[in-house]
Structures are given as structure tokens and as C-alpha cells.
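Structure assessment
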Amino acid sequence: MAFKFCSFKHVHFFSSTIMGLCALLVLSASSLAVDSSHHSFIAFASAPDRVVDGSTVVLRYNCSRPCQLGIRVLASTLQETNLVIFRRTWLIRAPGGQTTHQVLLRFPPSVLFRGSLHNREVLEVLDLTLGAWIRHKDVPEGGILEVSKQLQITPLSERPIKPPTECPSWPSQLMWRINTRRITRCRQEAAEMDLLDFPLASTGEGFGVVRRVPPVRDRDLERLRCRSVTKPRAALSMWIFLVQNCPETTCAIFHHLNSEKLYDSPLIQVSDAGDLIIQAHLTEGADEAFRTNVALPLWTWVRLDLYMDGAECLISFLNSCKIQNNGLFQLVNSRRSQSVPQFRVVHVWPGLPRRFTVFVFQVRLEYRLDGRDYASTYNKTDFHRFANNIHFDDTDGYFVIGGSRYFKGFRGYYGPMKYFRFGTNKISHDLSPKDVSMGLAQYHAECEELKDITTIFQQEVTASHFLSPLNQGVWSHFAKKTCKQRWSWEAQRKHSTFVNFLRTTEEQIQQGNFSLKNLRSGLFHEGAGAMFPRDQVELKMTEESRALLRTASCLGNHKASLLLAWLHLSGLGHALDQPKGHIYSLIAALGDDRFALMHAGYKHTQGIDGFPKDMDMACSYYSNMGAQNHMDLGTMHQRTQYSVEHIYLEKPEDLAEWTVGKDMLDYLKHQAEQGDAESQRHLGAKLYWGQNGIFKDTASGVRWMERSAMQMNNPGAMYDYSIVLMKGQKVKRNYTQAVELLNKAAEMGSINALNALGFYHGIILNNHRAAVKYFEQSARNGSEDGMFNLGVYHLRGIIPEQQRNETAAVLYFLNASALGHIGASVEGAYYLSTGELEGVPQDAERAVRMLKKVCEQNGHLGFMIREALRAYLQGSWQEAFVKYVLAAEAGLGLAQSNVAHLCEERHLGYDCQWRYQNHSILNYDPHLSALLRMGDSLMASWSSGLGSLSALVRAVWFYSRAAMRGSPQGMFHLFLLMQQGQRLPSRVQDFFNVSHHDQPDDVMEKILTRCVKSEEEEATPCALALLWVQMGRALRSMSQSAPQHVLVWASFLSLCVIVVTLLLKTCLEQRQRRSRVVAQRARPSSVSHDAISTDTAQQNGMMGEGGSYTPAGSLRISVENSEHWLSRACDLALTLAGFCLCAFWTALLYHVL
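These numbers were taken from a predicted model, which means no experiment stands behind them. (Residues numbered from 1 in each chain as written. Predicted model: local features only at pLDDT ≥ 70, side-chain atom pairs only at ≥ 80, totals over all residues. Heavy atoms only, no water.)

Let us now look at helix α21 (residues 735-747). The terminal C-alpha atoms of α21, which comprises 13 residues, lie 18 Å apart, in line with the 18 Å expected from a rise of 1.5 Å per residue. Within α21, burial applies to A738, V739, L741, L742 and A745. The buried side chains of α21 occupy one side of the element, clustering within an arc of 165 degrees when seen end-on. For α21, the exposed residues lying more than 90 degrees away from the buried face are T736, E740 and E747. Tucked inside the fold, the buried residues of α21 contact α19 (698-709), α20 (715-727) and α22 (751-764). Structurally, the start of α21 carries an N-cap: the backbone nitrogen of T736 is 3.3 Å from a side-chain oxygen of N734. G749 occupies a position one or two residues after α21 and carries a positive phi of about 100 degrees. (Helix = DSSP H or I, 4+ residues; strand = E, 2+ residues; numbered from the N terminus. Expected span 1.5 Å × (residues − 1). Buried < 20%, exposed > 50% of the residue type's maximum accessible area, 1.4 Å probe, protein only. Arc of directions from axis to C-beta. Contact = heavy atoms within 4.5 Å. Polar contact = N/O pair within 3.5 Å; in protein donor to acceptor, adjacent residues only side chain to side chain.)

Let's shift gears to the packing of helix α32 (residues 928-943) against helix α33 (residues 949-964). Between α32 and α33, whose axes approach to 8 Å, the crossing angle comes to 155 degrees. Our classification of the angle between α32 and α33 gives roughly antiparallel. Regarding α32 and α33, the two cross each other, and that crossing is left-handed. Where α32 abuts α33, its residues L928, L931, L932, M934, G935, D936, L938, M939, S941 and W942 lie against L949, A951, L952, R954, A955, F958, Y959, R961 and A962. Tallied by class, the residues present in the contact of α32 with α33 amount to 14 nonpolar, two polar and three charged. (Axes fitted to C-alpha atoms, helices over the stretch in contact; angles between N-to-C directions. Parallel < 35°, antiparallel > 145°, perpendicular 65-115°, else oblique. Left-handed = near helix turned anticlockwise from the far one by under 90°. Nonpolar A, V, L, I, M, F, W, Y, C, P; charged D, E, K, R; others polar.)

One pass over the full model with this rule turns up five disulfides. Assigning the bonded cysteines of the chain consecutive numbers by sequence position, one obtains the connectivity 1-2, 3-4, 5-6, 7-8, 9-10. (Disulfide = S-S within 2.5 Å.)

Packing of helix α5 (residues 434-462) against helix α11 (residues 543-554) leaves a shortest axis separation of 9 Å and a crossing angle of 90 degrees. The angle between α5 and α11 places the two elements in the roughly perpendicular class. Residues Y443, E446, C447, L450 and K451 of α5 form the contact with α11, whose participating residues are R550, T551, S553 and C554. Of the residues belonging to the contact of α5 with α11, the class tally is four nonpolar, two polar and three charged.

Bringing the nonpolar core into the picture now. In terms of nonpolar packing, the biggest core is built from 168 residues, with I253, F254, Y413, L563, F881 and Y884 touching the most fellow members. If one sorts the elements of this core by residue count, α5 sits on top with 10 residues. (Core = buried A, V, L, I, M, F, W, Y, C linked by side-chain atoms within 4.5 Å.)

Looking now at the sheet that holds strand β26 (residues 398-401). Strands belonging to one sheet form pairs held by backbone hydrogen bonds; the direction of such a pair is parallel or antiparallel. Taken in spatial order, the six strands of this open sheet run β11-β26-β13-β14-β15-β16, and their pairing is antiparallel. Strands with a single pairing partner mark the edges of an open sheet, and in this sheet they are β11 (209-211) and β16 (287-295). Pairwise comparison of adjacent strand axes, ignoring direction, gives a mean angle of 15 degrees for this sheet. Taken together, the four bridges between strand β13 (residues 250-257) and β26 define a ladder with antiparallel strand orientation. When the sheet's bridge partners are listed, H255 is paired in β26 with V400. (Pairing = 2+ DSSP bridges.)

See the structure below:
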């Protein structure tokens, strides 16, 4: 038993020792800090477990030398970490042995209580740490011993309410009740962003869509996003449709440029073999890329999903599919395939690791074959791990969808694209709009059939096999041969209109004059002509016309594509079908057609015809067109380009100016042959550029330029001819003579000559110092070319003794673009659209305005307008209508106004007229006639009771816009509307310097005064209306003073007196005249033949009935005296009335002036 007891005793002692050691280890790890070198330590002897105000903490410590003792409480919230809410320190000068110290904890109300009227600042604490430390004073590197403990936190909802310490004021109580009853809503953050929600046509050039992602508005989420830059979790999903292989080594699909203009994550490329290449920027600063072993299919919609969540990659893609002749669906790894018309995404990945980056091509194909529905899904995956985590900051720089200045894109289409900013576990992203996307795939499949028909037909005719319905052998051979291709006999019957048209080209093929360009041009003209049946005047699209235009579009005539887009979008002559209109718009834009690019940019700018309003997409299309416009300047002298002449069909004076061009040319020739240098210069310019209806004759124009320049007295003529000599256009290039003329013109004050000299010294002589000197002189004098060239020099960094200055370059570009320079507008718009330069914020709308303005100066657009005007004057209004429509759909306001006029003149329908009137006023600078016409239409509808009050408000706004641009008619309409009691918009009041103190008469007077100043004639409606307003105001002013009020009434009385007096004087004069006539007639009758008077009664007197006698002379005298007195009274009344009126008009003029 003793042994057993001893054993038990030893066991008990042993276990106690182990437990003590364990406790000591725990204590040393959590609440005890020991410095073995100096025998110092600190520990919590007692400490609370929860947050309790007034609780006590007992510290047990030992300082071997002078030290500082401290205790604190740190809090962590969503906004801040290590927030100090309690702190105490003591200085221990005389260290002793082991000592204890008691501390009373005091917590702020923001931690103890919930929010209330008496506790408005509340901290939502995540964790609370109680800590204590010892710091030795004589140790330079710190010598700190620390100990800490976590305190349990009371949840915010369970905290008590702070008891009141004072009586709050009534306003404080009211505001508290209002705020507590208010429902707080979280800020809506765009965790899922639509980078594209409408298809984009990518021409394979460097004109992609720029997207910037703003920082998160919520501070907590923004802090979380910033922390995840080195460990990103994001996702990107996009649909793409490749039309052809990449012509370069690699083409961009999607890339990210940071603020330093370097590639950031991710960079997605496609190689010339169709391989997918993914590049990422890693956290250590290096870039890493890898290539997949799969080729992307052509003519197939493919979805690419990209997940980023660490350093690993999983790549999944779909091979193309092909329908064989046996009706089976086979998956092949081919670069050329028949895509089926309907797709649906399936996305299920079980068992994937948590940290991965995935690029997905996973598509479910649905198709119809022999009246039955089939579906198939094929997916292949690759896995890749980067060396370390990806660096991804979506707010640094911008994303580019497609190509950019640094990287060309692929040729094809983009479907919808989504960006998941905070990542996602599953992407649900269908192809939309489905009608448009599937229509594009069907269009390209149909175009391959038409191209096969064309090729085989040409081969058959070349081999002397003439196609004819009677030649069954040849026809069957043709059908058999075509069936071996990707189209069948049914497809051939479907394209019977095209086959019939091909028959008309047999002779051309046999003679070797056949070309694809002539074929598609003939199809376009035939289809456009069939739009107007001969027996009808109205616009009506036939099936034959649509078939011919579709074929022309497939063969590369994108004017036909644009015309088809107009027919489906407008609903004129054809049922409204916006999805088909979008399909043809995208097809035309893919063909890089100038009109189509302007059309797509214009639709996205205005957000009309079903196109979303997207300035970034509009800027992408306009940038492409602007670059082409800049290149077209070098061939502006060719006959396929003309300057855009703004001639409106509704203005007879404009038509007269264009039609008298021949007479003007004859006059200029006569003057030029007489030796007039100015006439020679104008004649040369008109022949060289083709102005005022004159056809271009470059050779004759150069000869007249030379004759004018050689007189050495016109700097403009010398400059024009010197440029011709430097370019060698229709003359032999002669730099020596050109420089002599430029120096002479510069001495005579030509700033353009200074710029040309700079060009010569910089480009030809490579003397950049002299070139900069000339450019600076011309730029200081207002030359836009000089500003642009200086900007190019600053951008390239070739100014001697100066470094590259991109900021100065952009400033020169923007200044030159304000003066209308095309190249400067293109360069300036690039920086505005990307915002990549510090100090130049992104402004896509301003970039679009700049580009649209210069694109509308394109020479090919001017040629189209010229041809439309020529056809109209020759009586071919159908041809004029089609050409004006093509220009109008490109967004040219001139063409839109002229189409509206043709619709009204030819009674093509009110919808046609109203559509283009609306479009013409949507431009940034609509023509005044369009604004006034729209205002008149709205006023007419409102006056007739058909329009609502909004029509009147819109009419006021249109008249206001016209008035602010200096239209007298617009100002007069505003005056009439103000007379009816309408109020002007605030912008108009500011334009006319109207204050809120002005009375309506003052406002009308200011408007009419501005109107009179803007008119050239003197007697105008505005002048008469102004006189009326001023006189009315003067009369009202005079009526406010009693003496002047009396004067007003006296003047009106004077007018009455004058009228009565004049009538009376007129009667007296007539009476006197009649009396004299009677007297003259009576005098001969009163004398006998022997000259003895026989009328004794008249001579001596008159006997009345009563026997009284009145002398005749006395009666005549009394009557004459009364008439004389009355006449003098009338004269006196007229004099007094005249004085009164003079006083009245004097006072009136005083008030008027």
C-alpha cells in the first residue's frame, strides 16, 4: 500500500509539475513578457474578459532599470485599424523588485452604447485588444516588452442606450426623430459592368473602344479592392466572331493599358494561326505569357470567359463544327467551318481549385437539320500557372476592346461583354441581341454561297458554256458542280435574281472585261433604281431590289449595305425591322466604308434607331473615319473628291449660286486673259478644286495658278503654286522655284508660306532648328498648320535641345483643332477619348464633336453631295434622293435637310419628312432653317389643337436656339411668343442680357434691338415691332405723370380738332369756290344786248314776300365776313392743335430715346 501511495503521490506531483509548466508556457505566450537578458517582465495579474466601463486591470511587472510602463486599448473597424481608444503611461525612475500596478479602464461611449440622441457617434468595432508594455530608456533600439489580450465585444444591436446627461433642445430632438425614421439605402455599386451591350464591328485596325472603370464609391469596398490588387479576384466574359485570320503576327482582342502606357493584366491576343495568347503582369514586375494549342474558328460566335483569382489558369474553348452531307454533326479542329444559327452557353465546372485564372470557350450549339432540332457541346481545357500572383488594378489606366494605337485588333465582331469586378463563381452570359448576332452569322454564310456562284459562273462562261434554260446539260453540270460547294440547288433557286443578273455579264466575261468591282457596282445601281417603280412615284422597296442590294453588299459594295440599313431602320418603303437594320449597319462598318463608319458613329452619338447612346463606341467609329479623312487630304485634287458645298434645295438663292457657276467661269476667264492676277488665282482655284458646280480640270487650274503667281504681287497665289510645285501635281517637282516663291510670299506677310518653309526645312532638308523657327512664327500669327506641326515636333521629341513634351503637343493640337485643322482634331480627339495624359481628363463627347466636324469635310462625302445636286438639277430626283439619303444617314445635316425637302416636294410621306427634320436638329450645329422649320411645325400643331403643351415648349426652345445663333426670324418669333405670355428659357435670357428685374417690355425691346442689328435691311418686321414697343412704353411712361397725362389727352383732343377743322375748312373752300362760279355765270345774263341793265331788282335791291327790302350787296358782305371769321377760327384751332401735338411728340421722343 505504501508503494502504491508513494506511486500515486509521485504521479500527482509529476502531473502538477507538467500542468504548471503548461500554464507557465501559456502565460508567457499570452499574458507574460520576459526579457531574460535584463530579468524584466510584464504580465496581466488580472484583466477583464469583456468590455466593461470602469473595470480594473492589475499589471505585474519587474523593471531592472528605469523604464516606461504603458497600457492601451486598440480597436479595429471597417474603416480603420489599430484605433487607440484608451491609453495610460507611467515613468518608473527607481526600479525595485516585482511590483503590481492597478489601472481603471475607461471606454468611450461610442464603444459602450448604441446610437441615440445622446450618443450620435458610434463605432462598429470588429475586435478590441488590451495591451501593456515596458520600454527601457537606456536601450536605443527600443527594448520593448509587450503583452496583449483580446476582449469580447458586445454586438451593436445588444448595446444599451446611453442615459441622458442633459436635456436636448427641441430642434435636436426633431432632427433625431427624422433621421432615425429614415430608411438608409446602401450605395449601388456596379459589381457587374456591361463593357459592351451592343455588337461592335472591328475593322482590324487600331480603333478600339476605350473603357475606364471608376473607383468604388463605398470606402470599405474601395479599400478591399485596393488590397486585392496583388491578389485579384475578377472575371471577364465576352463574345467574339472572327471573319478572317489575323494578318499580323498577333492581333489584340482585349488589353489593359496602365497610366504609364504599359501593358497591364490582362492582354488577350490571337495569332495569325488562330492561337490564343494570354499575357499578364505579375506582382514582382515581370510579364508572362503563354500560348494555347487551339485555333479559334472563323464565322462562329465564341464565348471567352476569363477568371482571375491568383496565379493559376484554366483555359477552355470550343472547336468549330461542320455539317456533313450525310446529315451528321461532326466536331472538327478546322479554321473554316459552317457555324449554325443559334448558340446557347453551358457553364459547369465542378471541382475547380479556389485560386485560379480561367479563360473559357464553352458553347452549346443548337441547330435545325431536316426539320429536327439538334444540340452539341464541345469543350477543351488547358491549365497554366503563372510564376506568382497577377497584378491587376482596374482603375489604373483603361481597357481597350479591340485595337489601339499600340496594337491592331482582329477583323470581326464583338458581342456583349461583361466585367465582374469582384469576381463570380458562375457566369450567366447569353449572346444578345440574338437576332442581330445570329443574323450576322447567317449573312456571312450566305455571302460565301454568292461568292461560290460568282466564281463557278465565271469559270463556266470562260469555258464557253453559256448558261441558258434551254441548255439542260450545262445547267445540270453547273448545279452538280455548285452542289459540291457549301450551297445547294435550293440555295441556287433562292439566289435566282442574282443568277439572272449574272447572265447579262456573259459578254463582258468572254471579252475579259469582267471584274468584281464592276459587278457589285452594277448590282447596286440596278437595286437602287428598282426602289422606285416606273408606274409609281412613291417610295416602295421591291423584293428584286432587296435581293440585288444584298448581293452587292456581299460582294463588297457597302453603299448597298448602308442603303439596306436605312430601309430597315426608317420603315420607308419597307416594314420597320431594326435588328436587320443593325445587321447591315455593322456589315457596312466592318467593310471600313467611310459613310458606314460615320453612320455607326452618328447613331451611337444620338442614340437613335435602336442604337444605344455610347460616346466611346461612337468615338471608335469616328476615329477610324477621321484617320481616313486625314489621308484623303493627300488626294483631294482627284476627281473623286470635292469640297462639301452647303447648298440647300429649299433656298432658290443657293441653287442660283450653283447654277451660275458656268457664267462665273466665263467671266473669270475673260478677266484672267486680260491679265488680272486676282481673277487668275480664283480661276485656278475653281478649276483645281472644282467649286460652284465647275468640274475639276487640274492641269488648267495649275496653269492659271502659275500665271497668277509669276506676277509676284499676290502672296496667296505664290503660296498656292509653290505647294503644287513641292507636291509635283500636274507639274514637275521643283523645290528651288517653290522655295523662292515661298520666301517672297513670306516677305509679303503670308503666314501659310512660313509654315510651308518650315515643312521644307524640316522634311526635305532635315533642318529641324530652322523648321521650328518657321513653325513658331506661323503659329504666333494664327496658322493652324503651324500649330499642328509644332505639336508633332513636341510629340516626337525632335525639337533641338528640348525633350519630348506630350502636354505641349496636346495643347497645340487642341488649339489647331479649334481652327478646323483635320489632323490636329484627330490627334486631340485621341487624347480626349483615352484620358491617358495627366491634366487632360477623358471627354469622349468632346472628342466625338471634334471628329464629327472634320469627318463632314471629307472629299468623298462632298463628291456624293455634288452628284446628288447634279441629279436633282437634271430632273433625276430618284437618283438625288438615294445619294442624299446615304449622306444623311452618315449624319450630315445638309443632306438631312435636303432629304426632308425632297420628301415634302415629292409627297413621299409625312414620316419621311418628319424623320429627317428631327435628325437635322439633333446635330451639334444644326442649320438655322432646320430649327425654324421644326419650330414652325410644332407651333402649327399646337395652334391647331393637335399638339400638347410640350409642343409649344419645344417650339420655344427651337426658336431660342435659332435666335442664339443670330437668326432674326428666330428673334422675331420669340417676340411674338412673349406677346402671348410665354416665358423664355434661362439660357436665352442670359444671351440677351435679361435680368429678373426686367419687365416684359424691356425683354422684348432687348430682343428686337438685337434683331435689328443682325438684319441688313432697314425696314424689317423687327424694326417696326421695335418702334411699336418703344412707343407703347413711352405712352405708358407719360401716362404716369399728371401734366404729361393731360398732355396726352390734349394731344388726342388736338387730333380731333384738327380733323374737324380740316373738314370745315374744306367745306368752306368748296362753298367759296362754288359761289364764285355761280357769280361768274350770272354776270353775263344780267346785261342786255345794248349794254343796259334790265335786272333792276338785282341791281337796286330785293323785295321780299312781306314787302321788306334788303340790299343785295349788304347780304353778300355779311356772308363773306362770317366765312372769313370761321376760316380764321379754324386757322387758330389748327395752330393751337399743332403746338399741342409738337409738345406731345417732343415728350414722346424724349421717353423713347
